[in-house]
Amino acid sequence: MNQQLPSDNELIPRLLAHDETAYTQVVSAYHGLMVHLARAIVGPAIADEVAQAAWLAVIRALPRFERRSSLKTWVLRIVSNTAKTRLRHESRTVSLEDTQGDQTSINAGQFNASGRWASPPTVWHADTPDDLLASQELRACIDTALRALSPLQRAALTLRDMQGLDMESICKVLEVSESNGRVLLHRARHRIHAAIEEFYQQ
Amino acid sequence: MKMMPSCREISEQASDYLDQDLSPWQRAAFRMHLLMCVYCRRHVKHLGFTVATLGKIASEEKARENDDIQQIIALIKRQQKESPEQKGGD
Ligand SMILES: [Zn+2]
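Counting restarts for each chain: residues are numbered from 1 in the order of the written sequence. All chains are assigned letters beginning with A, and all ligands numbers beginning with 1, in the order in which they are written. Thresholds applied to this predicted model are a pLDDT of at least 70 for local features of residues and 80 or more for the giving and counting of side-chain atom pairs; totals over whole chains, interfaces and linings are not thresholded and use all residues. Excluding hydrogens and water, the side-chain values take into account all heavy atoms of the structure.

Side note on the overall build of chain A
This is how the line gets drawn: Labels follow the DSSP assignment, with helices taken as runs of H or I lasting at least four residues and strands as runs of E lasting at least two, numbered in each case from the N terminus. Categorising residues by exposure relies on relative accessible area from a 1.4 Å probe, with only protein chains included: less than 20% of the type maximum marks a residue as buried, more than 50% marks it as exposed, and the intermediate range marks it as partly exposed. Residue contacts are defined here by distance: any two heavy atoms, one from each residue, within 4.5 Å place the two residues in contact. Here the accessible surface of atoms and residues is derived via Shrake-Rupley with a 1.4 Å probe, and residues count as covered only by protein chains that are part of the display. His residues and chain termini do not enter the charge count, which takes Lys and Arg as positive and Asp and Glu as negative. The atoms used to mark charge sites are NZ of Lys, CZ of Arg, CG of Asp and CD of Glu.
Counting its secondary structure elements, chain A contains nine helices and zero strands. The helix and strand sequence of chain A, counted from the amino end, reads α-α-α-α-α-α-α-α-α. The C-alpha extent of chain A, read off along each of the three principal axes, is 65 × 35 × 30 Å. When burial is assessed residue by residue, chain A has 52% of its 202 residues classed as buried. The contacts in chain A between residues at least 6 apart in sequence include a share of 67% that link residues at least 24 apart. A total of about 9,500 Å² of accessible surface is found on chain A, and carbon and sulfur atoms cover 47% of it. For chain A, the separation between the mean place of its 22 positive charges and that of its 23 negative charges on side chains is 6 Å.

Structure (structure tokens):
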């Protein structure tokens, strides 16, 4: 499905000229990614709607695109902003940020005063991701842990570990600093790891 | 010169280690700790495993997107008809 996408230099003039082939190429290349990002921030129920709204915003803004980033990063930033705005409207109480304490407190209980493991990590009875995902129960644990992340943590994790973007692009997309981006990713990974660990402890 | 990182510090740096974002010195100290600490070896292995599992989940989800694409193209065309003043290509 992902045929070779032409370069931004070639694509952008064609998009501005309303070239349908170019639109089809860009939508084919980016739409799935956009829905995944929208889903990470606003949840599955309105992710498609947010992705559609983002496309319309992309079309409107394209003549003013200054190309300080790649087209892909710029499009994803529009998705991120559309989703954040939508989330604020939907529920004023939901915070985009992590509300569950700072980075170091995640694992604090696992270590003693000298910084060594208080109780050793559990042995996992799985040798590949497939082994791990073969258990429906464990899969459900992972899904629950994913839902419990803050929207920005989930967005960082989705873009990095599920969609394979580099960290620099992710920080531009989410409009966070490089160090904040790393913290979001670090926390998100540790929470999913902790959910699997808890499963094997039982 | 900084001493060897503690297990707790290894846990805090593990995500950056997996992304190869530690400085050469930090990376060397990190690996030195792993050589000597079976628990941290296990922990870092499991964190890498967690990341690989997320990738696996994502690859399973990639099937359904095709009809959405036609719908989006139609939406874009409609929008372009409604606002012809934005037509570029000058
Ligand atoms: Zn250790």
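Now, onward.
Digging into the nonpolar core
This is how it is decided: In plain words, nonpolar cores are sets of buried Ala, Val, Leu, Ile, Met, Phe, Trp, Tyr and Cys residues tied together by side-chain atoms within 4.5 Å. The domain limits used here are those given by an automatic or database domain assignment.
Among the nonpolar cores identified, the biggest contains 75 residues, and A:Leu71 and A:Leu174 are the most heavily contacted of them. By residue number, the principal contributor to this core is helix α2 (residues 20-42) of chain A, which donates 14 residues. Residue-level mapping places this core at the junction of two domains, with at least three residues from each of domain 1 (8-90) and domain 2 (117-201) of chain A. Ranked by size, the runner-up nonpolar core spans 13 residues in total, among them B:Cys7, B:Ile10, B:Cys40 and B:Val44.

Focus on the coordination of the zinc ion
Residues and elements named next belong to chain B. Here is the rule we go by: The donor set comprises N, O and S atoms within 2.8 Å of the metal, extended to 3.2 Å for Na, K and Ca; water molecules are omitted, so apparent gaps in a site may simply reflect that omission. All geometry calls rest on donor angles, where a four-donor set with angles between 85 and 135 degrees is tetrahedral, four- and six-donor sets with opposite donors more than 155 degrees apart and all others between 65 and 115 are square planar and octahedral, and all else is irregular.
Within the protein, the atoms that donate to the zinc ion are Cys7 (SG), His33 (NE2), Cys37 (SG) and Cys40 (SG), at distances of 2.0 to 2.3 Å. Between the four donor atoms coordinating the zinc ion, the angles at the centre fall across 101 to 113°, so the site counts as tetrahedral. Of note, the zinc ion draws all its donor residues from one chain, in the sequence arrangement C-x25-H-x3-C-x2-C. Residue His33 is classed as buried on the basis of its relative accessible area of 8%.

Remarks on the interface of chain A and chain B
One frequently used descriptor of interface size is the decrease in accessible area upon assembly of the parts. The cut-off we apply is this: What gets called buried area is simply the loss in accessible area from a 1.4 Å probe that two parts show on being joined, summed for both. The working definition used for a salt bridge is a side-chain nitrogen of Lys or Arg within 4 Å of a carboxyl oxygen of Asp or Glu. Polar contact is defined as a pair of N or O atoms within 3.5 Å, subject to the rule that within protein one atom must be able to donate a hydrogen and the other to accept it, and that residues adjacent in sequence are counted only when both atoms are side-chain atoms.
The partner chain B presents 45 residues to the 59 residues of chain A that form the contact. With both chains or domains summed, chain A and chain B bury close to 5,000 Å², and 63% of this area falls on carbon and sulfur atoms. Where chain A meets chain B, there are six salt bridges. B:Asp19 is the partner of A:Arg160 in a salt bridge, and the nearest nitrogen-oxygen pair spans 3.5 Å. Remark: the boundary between chain A and chain B carries 12 residue pairs in polar contact (both at pLDDT 80 or more).

Quick word on the domain arrangement of chain A
Residues and elements named next belong to chain A. Entries for chain A in the domain assignment read domain 1 (8-90) and domain 2 (117-201). Using C-alpha coordinates to define each centre, domain 1 is positioned 25 Å away from domain 2. In this assembly, 15 residues from domain 1 lie in contact with 13 residues from domain 2. Summed over both partners, the interface of domain 1 with domain 2 buries about 1,200 Å², with 66% contributed by carbon and sulfur atoms. In terms of surface lost to domain 2, no three residues of domain 1 exceed Ala40, Thr73 and Arg77, which account for 34% of the buried area on that side. Applying the counting criterion to the domain 1 and domain 2 interface returns one salt bridge.

A few points about the packing of helix α1 (residues 7-18) of chain B against helix α3 (residues 38-61) of chain B
Each pair of packed helices can be described by the angle between their axes along with the distance between the axes. All names here are of chain B. Here is the rule we go by: Lines fitted to C-alpha atoms define the axes, with helix axes restricted to the stretch in contact, and inter-axis angles between N-to-C directions lie between 0 and 180 degrees. Throughout, a crossing is termed right-handed when the near helix is turned clockwise from the far one, and left-handed when it is turned anticlockwise from it by less than a right angle. Nonpolar residues are Ala, Val, Leu, Ile, Met, Phe, Trp, Tyr, Cys and Pro. Charged residues are Asp, Glu, Lys and Arg, and all others, Gly as well, are polar.
Direction vectors running N to C along α1 and α3 enclose 35°, while the axes themselves pass 10 Å from each other. In this structure, α1 crosses over α3, and the sense of that crossing is right-handed. Only Cys40, His43, Val44, Leu47, Gly48 and Val51 of α3 make contact with α1, whose side of the interface consists of Cys7, Ile10, Ser11, Ala14, Ser15, Tyr17 and Leu18. Residue composition of the contact of α1 with α3, grouped by class: nine nonpolar, four polar and no charged.

Observations regarding the environment of A:Leu71
Residue and element names in this part refer to chain A. Its location among the elements puts Leu71 in helix α4 (residues 71-90). On the basis of relative accessible area, Leu71 is assigned to the buried category, the value being 1%. With near-sequence residues (within four places) excluded, Leu71 lies in contact with Asp8, Leu11, Ile12, Leu15, Val26, Tyr30, Leu62 and Phe65.

A word on the pattern of salt bridges
Oppositely charged side chains are able to pair whenever their charged atoms sit close together. Summed over the entire model, instances satisfying the criterion amount to 15 salt bridges over all chains. Between A:Asp19 and A:Arg14 there is a salt bridge, with the nearest N and O atoms lying 2.9 Å from each other. Here A:Arg14 falls in the partly exposed class, since its relative accessible area comes to 22%. The closest approach of N and O atoms between A:Glu168 and A:Lys172, which form a salt bridge, is 3.9 Å. Residue A:Glu168 and its partner A:Lys172 are both found in helix α8 (residues 167-174); the two are separated by four residues, about one turn of the helix. For A:Lys172, a relative accessible area of 33% translates into the label partly exposed. Overlapping salt bridges, with partners in common, bring together A:Arg160, A:Asp161, A:Arg189 and B:Asp19 in one network.

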